[in-house]
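# Structural characterization, general
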Amino acid sequence: MVIVVNRQTSDSFYLALLLTVSGGFLESYTYISRDKVFANAQTGNLIKLAMGISDFNYIEIIRYSLPIIAFVVGIIISCYLRSKYKETTKIHWRQIVLAIEVIILLFVCLIPIGNLNAIANILVSLTCAMQYEAFKKFEGNPFSSLFCTGNLRSFSEQLFFAITKKDANYLKKCQKYLSIIMIFMMGVIIGDIATVRLWQYACIIPSVILVIVIILMNKENIA
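Residues numbered from 1 in each chain as written. Predicted model: local features only at pLDDT ≥ 70, side-chain atom pairs only at ≥ 80, totals over all residues. Heavy atoms only, no water.

With respect to the helices and strands, the residue A50 is situated in helix α2 (residues 42-54). Of the residues examined, A50 reaches a relative accessible area of 44% and is grouped as partly exposed. (Helix = DSSP H or I, 4+ residues; strand = E, 2+ residues; numbered from the N terminus. Buried < 20%, exposed > 50% of the residue type's maximum accessible area, 1.4 Å probe, protein only.)

Further remarks concern the pattern of salt bridges. One pass over the full model with this rule turns up 5 salt bridges. A salt bridge links K136 to E133, with the shortest nitrogen-to-oxygen separation between them at 3.0 Å. For K136, a relative accessible area of 43% corresponds to the partly exposed category. The partner of E157 in a salt bridge is R153, with the nearest N and O atoms 3.9 Å apart. Within this pair, E157 and its partner R153 are both found in helix α6 (residues 149-165), separated by 4 residues, close to a single helical turn. Of the residues examined, R153 reaches a relative accessible area of 48% and is grouped as partly exposed. Within the structure, one salt-bridge network assembled from shared partners comprises R82, E133 and K136. (Salt bridge = Lys/Arg side-chain N within 4 Å of Asp/Glu carboxyl O.)

Together, L106, L198, Y201, I204, V208, I212 and L216 give the surface a local cluster of nonpolar side chains, amounting to about 590 Å² of exposed area. Here the nonpolar patch gets 4 residues from one element, more than from any other, and that element is helix α8 (residues 204-216). Secondary-structure assignment places I212 in helix α8. (Patch = residues over 30% accessible without salt bridge, like charges linked within 9 Å, V, L, I, M, F, W, Y side chains within 5 Å. Areas by Shrake-Rupley, 256 points an atom, 1.4 Å probe, with all protein chains shown as cover.)

Counting residues in each nonpolar core, the largest one holds 33 residues, and the members touching the most others are L98, V108, V124, F135 and C203. At the level of elements, α1 (13-33), α4 (93-108), α5 (117-134) and α8 are the ones that each hand at least two residues to this core. Top element by residues in this core is α4. It accounts for 8 residues. Setting aside residues up to four positions removed in sequence, F135 forms contacts with S10, L15, L19, R94, L98, F143 and M217. In this structure, F13, L17, F138 and I183 belong to the second largest nonpolar core, which totals 15 residues. (Core = buried A, V, L, I, M, F, W, Y, C linked by side-chain atoms within 4.5 Å. Contact = heavy atoms within 4.5 Å.)

So this is what it looks like as structure tokens:
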């Protein structure tokens, strides 16, 4: 007898893959076109900020502190939306998060490459933080659609359990984490190619991906 478990679409593995493509894309987009700033993984920005502080380089301090602050604000916004709209039945609160992301990213497309890069980085970091807070799991398993350190750790853990316990369930989880890591890298590659050709307008691509996610989330449950 096969037991089918119904889950929210926001918890599905396939949705996680789409979000991860978008996350990898934005990582390369800001690094290539927006002064080598990381919009997703703030560890790199914190390191650059610390180096700027040690060198008394005020330009570097400002450049890397702004996206960090924006990331914190994005987390707070996402938490607020969850607390305010979690019980509503008309629209999922995560869809609201994604809709705001799409609007902001389309606005980023209008910001020319150059002197206004700091504003673009702030906005992208804001959207990434909102997505990071809103989508923390797939099929009940912790994951991130924006960076891969945690995903790589989870992959390694599941690989260890698959080998030592000889359990096919661990192997399946291991394969899914590996897929997420590979999809993230694919998103980075696509972002690299698209940004070189489209520059600021490349942000249209992750916007389209997020619109697809919003549409898919109209389906209440997924097997």
